[in-house]
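An overview of the molecular structure
Chain by chain, the residues run as shown.
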Amino acid sequence: MGTAATTPSARETELLEAAYRYVLQHGLADLSLRPLATAIGSSPRVLMFLFGNKDGLVRALLARARADELTFLDALTDHPTPPDLAAAVDQVWRWLSAPEHHPLLRLWTEAYARSLVDPDGPWTGFARTTVDDWLDLLARFQPPAHRDTPTARTTRTLALAVLRGALLDLLATGDEPRATAAVQHHITTLRSTPG
């Protein structure tokens, strides 16, 4: 059985990628092993063998989604000098608002919400980990001497709240110009605030 302690087999990796593409399109809400297995050319029995059970598969899918998120975050932090939180918020929003990322972000939103209402499910800790990932990223774009101050923590928390709120609004309404205008307004505020 595939676990974090072992290297996944080629077949496990192949099926995880196929299942990931499936949930990006269909979400996790009504995920059932039989239709999933049929869609990806496998069987429920093979999925159970490789991932233990449905919860194990969901955990693997969420880890796969987080890997995509962390790849973006790592790419963004390739150029963190000079620290510029406003520029980081602008880059993050351009990525979040790109239509090709919306399937991943819908999956992220679903897992985030489920981790809040069902903290003992396979998405345990997903929301908290995501918040920590993004706050860590934003901290890297604040001056090192300033980033551990209460004001800096508040500033990056507000930046994250604006980004998350605008993303939820965009996914709900499709009104990209309005959501972008709100984020741009916050970026202007960040640029006009000392420190």
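For the structure, check the block above.
Every value quoted in this text rests on a predicted model; they were computed, and no experiment measured them.

Let us now look at helix H3 (residues 44–51). Taken together, the buried positions of H3 are occupied by Leu47, Leu50 and Phe51. Viewed along the axis of H3, the buried residues span an arc of 80 degrees, placing them on a single side of the element. Pointing more than 90 degrees away from the buried face of H3 are the exposed residues Arg45 and Phe49. Looking at the buried residues of H3, the elements they touch are helix H1 (10–26), helix H2 (33–40) and helix H4 (54–76). In the stretch just after H3, Gly52 is the one whose phi turns positive, near 90 degrees.

The next thing to look at is the side chain of Arg64. With respect to the secondary-structure elements, Arg64 resides in helix H4. Within the structure, the side chain of Arg64 is placed 2.5 Å from the side chain of Glu17, a separation counted as a polar contact. Ignoring anything within four residues of it in the chain, the contact list for Arg64 reads Glu17 and Tyr20.

Let us look at the packing of H1 against H3. It is the contact of H1 with H3, at a shortest axis distance of 11 Å, that shows an interaxial angle of 110 degrees. Classified by the angle between their axes, H1 and H3 sit roughly perpendicular to one another. Classified by chirality, the crossing of H3 by H1 is left-handed. Listed contacts from H3 to Glu12, Leu15 and Leu16 of H1 are Val46, Leu47, Leu50 and Phe51. Partitioned by chemical class, the residues of the contact of H1 with H3 number six nonpolar, no polar and one charged.

Let us now look at the side chain of His102. Along the chain, the position of His102 falls in helix H6 (residues 102–117). By relative accessible area, His102 is classed as buried at 12%. Discounting residues that sit within four places of it in the chain, His102 has contacts with Leu96, Ser97, Leu170 and Leu171.

The rules behind each value
- Residues numbered from 1 in each chain as written.
- Predicted model: local features only at pLDDT ≥ 70, side-chain atom pairs only at ≥ 80, totals over all residues.
- Heavy atoms only, no water.
- Buried < 20%, exposed > 50% of the residue type's maximum accessible area, 1.4 Å probe, protein only.
- Helix = DSSP H or I, 4+ residues; strand = E, 2+ residues; numbered from the N terminus.
- Arc of directions from axis to C-beta.
- Contact = heavy atoms within 4.5 Å.
- Polar contact = N/O pair within 3.5 Å; in protein donor to acceptor, adjacent residues only side chain to side chain.
- Axes fitted to C-alpha atoms, helices over the stretch in contact; angles between N-to-C directions.
- Parallel < 35°, antiparallel > 145°, perpendicular 65-115°, else oblique.
- Left-handed = near helix turned anticlockwise from the far one by under 90°.
- Nonpolar A, V, L, I, M, F, W, Y, C, P; charged D, E, K, R; others polar.

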